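A closer look at the structure
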Amino acid sequence: MSRRTPPNAGVSRDRLPYLHSAPRIPFCSDARRWSVERPSLGHTGRVDLDAARALWEPDPGWLNTASYGLPPAPAWDELQAALTTWRHGRGSWEPWDASVGRAREAFARIVGADAHDVAIAATAAELVGLVAASLPAGSRVLVPDIEFTSNLFPWAAQQDRGIEVVTVPPHRMLEAIDDRVTVVAYSAVQSATGEVADVPAIAAAARAHGALVVVDATQALGWLALDAADADVLVCAAYKWLMCPRGTAFGVFAPHVREWVRPNNANWYAGADVHDSYYGPPLRLAAGARRYDLSPAWFSWVGAAPALELVERIGVSRIGAYDLALAGRFRAGLGLAPSHSPIVSARIDGAAERLARAGIRAATRAGGLRASFHLYNTEADVDAALEALA
Ligand SMILES: Cc1ncc(COP(=O)(O)O)c(C=O)c1O
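As the structure is a computational prediction, the values presented were derived from the model and not from experiment. (Residues numbered from 1 in each chain as written. Predicted model: local features only at pLDDT ≥ 70, side-chain atom pairs only at ≥ 80, totals over all residues.)

Brief notes about the sheet that holds strand β7 (residues 249–253)
On the basis of which strands lie adjacent, the open sheet formed by seven strands has the order β1-β7-β6-β5-β4-β2-β3 and mixed pairing. Looking at the sheet topology across the chains shown, the edges are occupied by β1 (118–121) and β3 (164–168). Taking each pair of neighbouring strands and ignoring which way they run, the sheet shows an average axis angle of 20°. As paired elements, β1 and β7 share four bridges and run antiparallel to each other. Paired with alanine 119 across the two strands is glycine 251, which belongs to β7. Across the sheet, helix α4 (residues 124–134) lies against β1, β5 (212–216), β6 (233–237) and β7, angled at about 160° from β6, the strand it touches most. (Pairing = 2+ DSSP bridges. Helix = DSSP H or I, 4+ residues; strand = E, 2+ residues; numbered from the N terminus. Axes fitted to C-alpha atoms, helices over the stretch in contact; angles between N-to-C directions. Contact = placed C-beta atoms within 7 Å.)

Quick notes on the packing of helix α3 (residues 94–111) against helix α9 (residues 298–314)
In helix packing, the relevant descriptors are the interaxial angle and the interaxial distance, both defined with respect to the helix axes. In contact at an axis separation of 8 Å, α3 and α9 are set at 35° when each is read in the N-to-C sense. Crossing of α3 over α9 shows left-handed handedness. When α3 is examined against α9, the residues Trp96, Asp97, Ser99, Val100, Arg102, Ala103, Ala106, Phe107, Arg109 and Ile110 are found in contact with a partner set consisting of Trp298, Trp301, Val302, Ala304, Ala305, Leu308, Glu309, Val311 and Glu312. Split into classes, the residues belonging to the contact of α3 with α9 amount to 13 nonpolar, one polar and five charged. (Left-handed = near helix turned anticlockwise from the far one by under 90°. Nonpolar A, V, L, I, M, F, W, Y, C, P; charged D, E, K, R; others polar.)

Side note on the environment of alanine 228
Along the chain, alanine 228 turns up in the loop between β5 and β6. It is 9.2 Å that separates the C-alpha atoms of alanine 228 and isoleucine 110, two residues lying 118 residues apart in sequence. The residues contacting alanine 228, other than those within four sequence positions of it, are Val111, Gly112, Ala113, Leu234 and Val252.

Details of helix α10 (residues 316–334)
The α-helix advances 3.6 residues per turn, and as a result positions three or four apart in sequence lie on the same side. End to end, α10 covers 27 Å across 19 residues, agreeing with the expected 27 Å (1.5 Å per residue, within 8%). If you check which residues of α10 are buried, you get Val316, Ile319, Gly320, Tyr322, Asp323, Leu326, Ala327 and Phe330. End-on, the buried residues of α10 take up no more than an arc of 165°, which puts them together on one face. Facing away from the buried side of α10, by more than 90 degrees, are the exposed residues Ser317 and Ala321. Contacts made by the buried residues of α10 are with α1 (49–52), α3, α9, β8 (343–346), β10 (368–372) and α12 (379–389). Phi turns positive, to about 75°, at glycine 335, one or two residues after α10. (Expected span 1.5 Å × (residues − 1). Buried ≥ 20, exposed ≤ 12 C-beta atoms within 10 Å, placed from the backbone. Arc of directions from axis to C-beta.)

Quick notes on the nonpolar core
The biggest cluster of nonpolar side chains holds 116 residues, and the ones touching the most others in it are Val184 and Leu308. Top element by residues in this core is α9. It accounts for nine residues. Domain assignment of the residues forming this core places at least three in each of domain 1 (97–311) and domain 2 (316–389). (Core = buried A, V, L, I, M, F, W, Y, C linked by C-beta atoms within 7 Å. Domains from an automatic or database assignment.)

Comments concerning the site of the ligand
By nearness alone, every residue bordering the ligand is listed as Thr123, Ala124, Ala125, Phe148, Ser150, Ser187, Ser191, Asp216, Thr218, Gln219, Ala237 and Ala249. Across the shell around the ligand, the residue classes break down as five nonpolar, six polar and one charged. (Near = placed C-beta within 6 Å.)

Some thoughts on the pairing of β5
In regular strands, side chains alternate between the two faces of the sheet. β5 sits mainly inside the fold: five of its five residues count as buried. Taking every second residue as pointing to the same face, both faces of β5 are buried, with Leu212, Val214 and Asp216 on one and Val213 and Val215 on the other. In the sheet, strand β4 (residues 183–187) pairs with β5 via five bridges, with the strands oriented parallel. Its bridge partner lying in β5, alanine 185 is registered against valine 214. After leaving β4, the chain enters helix α7 (residues 199–208) and then returns to the sheet as β5, a path that is right-handed. Strand direction decides the pairing type here: β5 and β6, joined by three bridges, are parallel. From the neighbouring strand, valine 214 faces β6, where its bridge partner is valine 233. (Right-handed = clockwise from strand over helix to strand, strands pointing away.)

Thoughts on α3
Across its 18 residues, α3 extends 26 Å between first and last C-alpha, which sits within 8% of the 26 Å expected from 1.5 Å per residue. Among all positions in α3, only Trp96, Ser99, Val100, Ala103, Arg104, Ala106, Phe107, Ala108, Ile110 and Val111 are buried. For α3, the elements touching its buried residues are α2 (73–88), β1, β6, β7, α9 and α10. Note on α3: the residue one or two positions beyond its end, glycine 112, has a positive phi of about 70°.

Some words on the sheet that holds strand β9 (residues 363–365)
Taken together, the three strands give an open sheet; going across it, the order is β8-β10-β9, and neighbouring strands pair in antiparallel fashion. The open sheet has two edge strands with one neighbour each: β8 and β9. Neighbour-to-neighbour, the strand axes of the sheet open up by a mean angle of 35°, direction not taken into account. Pairing between β9 and β10: three bridges, direction antiparallel. From the neighbouring strand, threonine 364 faces β10, where its bridge partner is leucine 369.

Quick look at the structure:
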């Protein structure tokens, strides 16, 4: 069987200076490099958005970051190196595990949290499920009626033991918060429509009524700056706007929440000292949110750390401004009113077929077109989509 040689195979690590800020992964000498030469972005500190955009290699027409984001070159390269090490058994897993620590720290900085309060997992739903499983019977959970089910089903699955789930349209969430509500669980940005919630206002209302706030930030973080302090529990699957591999999710658990949420998935990796937690009693879990950690799917995390570090260096609000400008151009071209979301949903007859014929990859959600715009998209992507839909 013939093997395809990747473009620029053999580019040395020294020609990829953006990698130098990261801990070194034990490279094998013949590790194949899948990257082309790219501009130096220095080792640390802010990077210019236009310069950084050269680190992505999208084919034209990927308008579906709300389904999954594309990896920047540093993430792709570190992942290829780790896969090569794995393939040949050339090293231990500890360097891959170092990526989990880097990712946790970077995520914490992005949401203004303490890394001590951040747990890692593979999906958003399992983090919500931890909280749901610990709620006392008689609790009432308020959720938007179009909520992505990773933040609905975990609550609903507890109904048979006396948890009540009440749904209202997203725009009615604020007025539905009252003293009977135990938990307000909602997405900062709705997956189907791109609707952006008033996160601080919901936090204030929930706190005024003594309710817990659980925010799913999956469709927000990476373009919208959020403050973890506006949630008691914030969960985020990182494979969309944060452009990490699938299988990476974070949960920020406020200290008061950790007093009653059970570590139902307790495992060696959640141990106070990971390397001293392989065998036998007693239960000895980490003091912080790390007690909720799932043992990591290593390769996903190897790709996650550089992606998060890059998002942080570019700056979420700069990325957001860029994304919103593209979405605004698309909305204007469709004759839609402006909005404050990089996710555009619209009902257009035959949209899916017309876009597919033009080679444009968007999504259909709730019966309508869902197009989403991120920093690797261009005005040409927008105009091609508009032309296909004209
Ligand atoms: C708002 C939201 N939350 C979570 C997810 C993914 O959930 P999970 O990580 O449980 O698969 C998605 C995926 O589309 C989503 O849109």
